[in-house]
Amino acid sequence: MNRQRRKTEKQKRAGDRGQWANKTEYILVVAGNVVGLGNVWRFPYLCYKNGGGAFLVPYGLFAMVCGIPLFLLESSVGQYTQEGFVTSWRKLCPLAQGIGYGQAVVKLYDFSFIIIETWALFYLVFSFSAQMPWATCDNWWNTPNCMGLSLDSSSSNWTANLTVLKKHTSAATEFWELSHAPRPPLRRRALGMSAGIEELGSVRWELALCLLACWVICYFSIWKGVRSSGKVVYFTATFPYVMLLILLIRGFTLPGAWEGIYYYLYPDLNRLTNLEVWVEAGSQICFSYSLTAGTLIVLGSYNDYNNNCYKDCFWLSLLNSGTSFVAGFVVFSVLGFMAQKQGVTVDTVVESGPSLAFIAYPQATAMMPLPQFWTACFFLMLILLSVDSHFVAVECFITTISDLFPKQFGKAGRREMFVLFICSSFCLLHLLMVTEAGVYIFQLIDYYGMTRACHYFMALCECLTLAWIFGADRLMDIIEDMTGKRPSVFFKLCWKYIIPLLSLD
């Protein structure tokens, strides 16, 4: 009787604020959000930075003891409360509603990742050029030290080839970055980077137009709430897998691909003694699973009360990590191909970092037949992945503010105006990231604003609140009431002991 009464109350609440039209929409939106830049952009460069296969060991362990338990915890909280990530904590534990406000701040940092979508759109436009601009050194932005794609790949002396690479700058790097030469500065094509964050420089108007286009796409994806975003994901969440499959098959057929794959899969066990590898693996789980930022709470809040979130957390987590693993094959097969072409080892073929996708991959596709097609496939996939993640982040923030002030935003047209205000304001604010110092600002936000201590502290607060104050057994009773199946005791151990201890470490 009590269960039926709760279900009726939840259905009335869902009717007032909206709900997913069907289970498929929920699965696609969550999949589109969690399977994003963290898989195709961030995961491969962290593997490359941390010794290839060595990174997979801590990543897999953290996925089991942190990723899946926190995924279930957050999605079940949203489904039970039918609220945004501030009011949900207010309902469960009023003393802990500060967690929700903290997640709101993290969500604002989350908006910054639209710059990846902006860069990808910029590259997509140039991918239709007759001659790839990052393949040659006869462009107006190139320097005397520029080196095209030609190198003595037949030479067995990889040390000599590496010396050549260090003395010169590749055409792809010059297209991406800037020269730190004395004045007058030699500006590079994409970012026109200044010498440091203290030199803000001017706005790159081409990137500013791409940024505007990305925010316009975001607005029309969410302006009607889940009614519009639930329909957009039928394309944006599925088409990237078509692109990923095409690029995977092409990568396996490239000469030298298996050298890169060997580097990706073979673990350098000595790297496991480095604490930094473990810290970044835990951070990557939080980032790619969209944990501790309130996203899963909001998306779960649009579910039916009796949705089986327990089963969903396993399949969506598997999809997330599986996509990351497959994306590693796509990137490392290309790195192996580049290593063979340049006559160097895989670990020296390119610098690790966020620009890996914007230097290594364009350079590799320029060496292939039909470079325009392969480049367009890659950056179209990157754009669609980032579109999902970005509009979901904005939608979650909008939903949370609307739930905080239901009377103000419950009237017709108010929500659409608020969405327009948020999108316009942040589009103007993000112009800072398309200046010549924009990449430094983005890296500052990426490193300090959204990862490591921030994720770990939020995970600690969530587990202490729900497992110790609200009660782990009580939470498991709620999940059993919603799904008809009681979670394993393993989840209780993770919430009460393992995740808090790992977060403190």
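Residues numbered from 1 in each chain as written. Predicted model: local features only at pLDDT ≥ 70, side-chain atom pairs only at ≥ 80, totals over all residues. Heavy atoms only, no water.

K.L.:
Which residues make up the overall build of the protein, and what values do they have?
P.N.:
A tally of regular secondary structure across the protein gives 23 helices and two strands. Taken over 505 residues, the protein has a buried fraction of 61%. Per element, the accessible surface of the protein, about 20,100 Å² overall, is 65% carbon and sulfur. (Helix = DSSP H or I, 4+ residues; strand = E, 2+ residues; numbered from the N terminus. Buried < 20%, exposed > 50% of the residue type's maximum accessible area, 1.4 Å probe, protein only. Areas by Shrake-Rupley, 256 points an atom, 1.4 Å probe, with all protein chains shown as cover.)

K.L.:
Tell me about the confidence of the model for the protein, residues and numbers included.
P.N.:
Per-chain confidence: the protein averages 83 in pLDDT, with 88% of residues scoring 70 or above. pLDDT under 50 marks residues 151–162. Its contacts with residues more than four places away, or in other chains, come to 19 contacts. When the criterion is pLDDT under 50, residues 179–187 qualifies, and its contacts beyond four places in sequence or with other chains add up to 17 contacts. (pLDDT = per-residue confidence, 0-100. Contact = heavy atoms within 4.5 Å.)

K.L.:
An account of the packing of helix α10 (residues 205–222) against helix α18 (residues 371–404) is needed here, citing residue identities and associated values.
P.N.:
In the contact formed by α10 and α18, the axes pass within 9 Å of each other and the chain directions differ by 60 degrees. With respect to α18, the element α10 is oriented oblique. Along this stretch, α10 crosses α18, giving a crossing that reads as right-handed. Residues Trp 215, Ile 217, Cys 218, Ser 221 and Ile 222 of α10 form the contact with α18, whose own contacting residues are Val 387, His 390, Phe 391, Val 394 and Glu 395. Residue classes in the contact of α10 with α18 are distributed as seven nonpolar, two polar and one charged. (Axes fitted to C-alpha atoms, helices over the stretch in contact; angles between N-to-C directions. Parallel < 35°, antiparallel > 145°, perpendicular 65-115°, else oblique. Left-handed = near helix turned anticlockwise from the far one by under 90°. Nonpolar A, V, L, I, M, F, W, Y, C, P; charged D, E, K, R; others polar.)

K.L.:
Tell me about the pattern of salt bridges, residues and numbers included.
P.N.:
Following the criterion strictly, the structure yields eight salt bridges and no others. A salt bridge links Asp 473 to Lys 492; the shortest N-O distance between them is 2.9 Å. You can see Asp 473 sitting in helix α22 (residues 453–483) and its partner Lys 492 sitting in helix α23 (residues 489–504), a full 19 residues away along the chain. Of the residues examined, Lys 492 reaches a relative accessible area of 22% and is grouped as partly exposed. Between Glu 480 and Arg 486 there is a salt bridge, with its nearest N and O atoms 3.1 Å apart. The class of Glu 480 is partly exposed, set by a relative accessible area of 33%. For Arg 486, a relative accessible area of 33% gives the class partly exposed. Salt bridges linked by common partners bring Asp 477, Glu 480 and Arg 486 together as one network. (Salt bridge = Lys/Arg side-chain N within 4 Å of Asp/Glu carboxyl O.)

K.L.:
Could you give an account of empty space enclosed by the protein, with specific residues and numbers?
P.N.:
Picture a little ball the size of a water molecule; that probe, rolled over the atoms, points out where space is still empty. In total, this model carries four cavities of 30 Å³ or more according to the counting rule given. In this structure, the largest cavity is lined by 24 residues; those nearest its centre are Asn 33, Asp 110, Phe 287, Ser 290 and Ser 389. Where the lining of the largest cavity is concerned, the elements lending two or more residues are α2 (23–34), α3 (37–49), α6 (98–110), α14 (275–288) and α18. Examining the composition of the lining of the largest cavity, we find that four residues originate from one element, α18, more than from any other. Taken together, the residues that form the lining of the largest cavity break down as 11 nonpolar, 11 polar and two charged. (1 Å grid on protein atoms, 1.4 Å probe; cavity = no way out; pocket = protein on both sides within 12 Å on 5 of 7 lines; lining within 4 Å. Points joined across faces, edges and corners; volume = space filled by probe spheres on them.)

K.L.:
Quick rundown of unusual backbone geometry? Include the residues and the values.
P.N.:
Of note in this structure, Gln 82 is not a glycine but carries a positive phi near 55 degrees. Here Gln 82 lies in the loop between α4 (56–81) and α5 (87–92). Looking at Gln 82, the relative accessible area reads 1%, which means it is buried. Here Leu 370, not a glycine, exhibits a phi torsion of approximately 55 degrees, which is positive.

K.L.:
Would you mind going over the packing of helix α7 (residues 114–126) against α18 in detail, with residue names and values included?
P.N.:
Relative to each other, α7 and α18 sit at 155 degrees, their axes nearing to 9 Å. Put simply, α7 runs roughly antiparallel to α18. α7 and α18 meet at a crossing whose hand is left-handed. Here Ile 114, Glu 117, Ala 120, Leu 121, Tyr 123 and Leu 124 of α7 come into contact with α18, specifically with Ala 376, Phe 379, Leu 380, Leu 382, Ile 383, Ser 386, Val 387 and His 390. Of the residues contributing to the contact of α7 with α18, the split by class is 11 nonpolar, two polar and one charged.

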